[in-house]
Amino acid sequence: MQRVAVIGAGVVGSSIAFRLAQAGAEVWLLDRAQPGGGTTGSSFAWANANQKTPRDYYELNYAGLREHYRLREELGEAPWFHPEGNLMWDEDPTELKQRVARLRDWDYAAEWRGAAEVSQELEPRLRFAAPETPVAFFPEEAWIEAPRLAAALIERGRAHGLTARFGDEVRAIERQGEQVAAVRLASGERIPVDAVVNAAGPGADRVAALLDLPLPLGPTRGLLVRLAAAGAPLGRIAHTPGVNLRPDGPGHLLIHHESIDHQLGERTGIALDDPLVAELRRRALAALDGLGEAPVVAARIGTRPLPVDGRSCLGAVSAAPGYYEAVTHSGVTLGPLLGRLLTGEILSGEVDPLAAPFRPDRFARQ
């Protein structure tokens, strides 16, 4: 029986741990914090392949989106999965029109609706500059309650024998010769293993450094603001010219926009009364009718893990037999898929064609 330690209990790590345990491996899921408390809990959690290029990265993400549907079918339920689609428009639709054409050519579900039609049939509270505004609708896209998904996968993994250690940091990864042999925790516990999966998100470079294997990251930051909103003012994701909005459970909205992210600098925390939070809230109130006072109830800055070349790191690192990486942006979209792909590689040695363009060995690792 393969013994595997998965470091990182976000959506990516919990998905890998679940699939490994389901396949019969002896699995330890390790995180210095609580599951879903890192990037997973600070993500807009939009499952999509909408803006993913080049083609190989699009194919990976499109397979990731489809994997969420597959997981729901397998489990018979997925209360964390909300596939109501995504609406998108811009003041200058030139780029969006080009993207929709490309996505249609790549067999992605993408439609055009008029603003008047959207208001009548889909989202009556959204505000548009004119009733003839062209709106792109991507009906298969979804938003995910990501911490809930991670928790559900961990629980199902436990039913297959998964062992969890949370709140206990990995301090060392031991080798026997070149082969990974054990992990040692801050508590002093030593866990003998045959393989280690680095799914530590923004902390993945720190984990790689335990093996003296540099993993260059170029992370980005994003501000998410949660508003209390009575009733159900919005039924699906909406990317408006000034603010991105989506439901966030009963009576709440989550809002974000890239133009605000660019003003964050190196900050990792933010107060509820910060001017950037106020600006996002102002934009949301301008984009959607019926929000009333819509007080801010939470604001957080998430750090998106991203290798420095902008491409995912997926699979074995040849310099350390038994060591694997699953480090990527779009972790919520890709998590369930990476669970399946990494499990296949770890247990059988087979590299799925979807993962082949994203091998970690493209970086100098010695």
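Residues numbered from 1 in each chain as written. Predicted model: local features only at pLDDT ≥ 70, side-chain atom pairs only at ≥ 80, totals over all residues. Heavy atoms only, no water.

Caption draft 1: How the structure looks around the pattern of salt bridges. Going through the model one piece at a time under the given rule, you end up with 30 salt bridges. Residue Arg226 is joined to Asp248 by a salt bridge in which the shortest nitrogen-to-oxygen separation is 2.6 Å. Taken together, the residues Arg226 in strand 14 (residues 220-228) and Asp248 in the loop between strand 16 (244-247) and strand 17 (252-256) connect sequence positions 22 residues apart. In this structure Arg226 comes out as partly exposed when scored by relative accessible area, which is 23%. Look at Asp248 and you get buried, because its relative accessible area is 14%. Two residues, Glu279 and Arg283, come together in a salt bridge whose shortest N-O distance is 2.9 Å. Placement of both Glu279 and Arg283 in helix 8 (residues 275-287) is noted, with a separation of four residues, approximately one turn of the helix. Overlapping salt bridges bring together Arg32, Glu169, Arg171 and Arg206 as one network. (Salt bridge = Lys/Arg side-chain N within 4 Å of Asp/Glu carboxyl O. Helix = DSSP H or I, 4+ residues; strand = E, 2+ residues; numbered from the N terminus. Buried < 20%, exposed > 50% of the residue type's maximum accessible area, 1.4 Å probe, protein only.)

Caption draft 2: Representation of the pairing of strand 13 (residues 195-198) in the model. Burial along strand 13 is two-sided: Ala195 and Val197 facing one way and Val196 and Asn198 facing the other are all buried. Direction of pairing for strand 1 (residues 3-7) relative to strand 13: parallel, over a ladder of four bridges. Note that in strand 13 the partner of Val6 across the bridge is Val197. Sheet topology places strand 13 next to strand 20 (residues 323-327); three bridges connect them, and they run parallel. Counted as the bridge partner of Val197 is Tyr324 from strand 20. (Pairing = 2+ DSSP bridges.)

Caption draft 3: Seen up close, the sheet that holds strand 11 (residues 179-185). Taken in spatial order, the three strands of this open sheet run 10-11-12, and their pairing is antiparallel. The outermost strands of the open sheet, each flanked by one partner alone, are strand 10 (170-176) and strand 12 (190-192). On average, each strand axis in the sheet is inclined to that of its neighbour by 25°, with strand direction left out of account. Two strands pair when backbone bridges link them, and strand 10 and strand 11 are joined in this way by six bridges, in the antiparallel orientation. When the bridges of strand 11 are listed, Gln176 appears paired with Gln179. (Axes fitted to C-alpha atoms, helices over the stretch in contact; angles between N-to-C directions.)

Caption draft 4: Molecular detail of the packing of helix 2 (residues 55-75) against helix 9 (residues 331-348). Axis separation between helix 2 and helix 9 bottoms out at 7 Å; the angle between their running directions is 80°. The orientation of helix 2 with respect to helix 9, classified from their angle, is roughly perpendicular. In contact with Leu60, Asn61, Ala63, Gly64, Leu65, Glu67, His68, Arg70 and Leu71 of helix 2, helix 9 contributes Val332, Thr333, Leu334, Pro336, Leu337, Arg340 and Leu341. Here the residues of the contact of helix 2 with helix 9 sort into nine nonpolar, four polar and three charged. (Parallel < 35°, antiparallel > 145°, perpendicular 65-115°, else oblique. Contact = heavy atoms within 4.5 Å. Nonpolar A, V, L, I, M, F, W, Y, C, P; charged D, E, K, R; others polar.)

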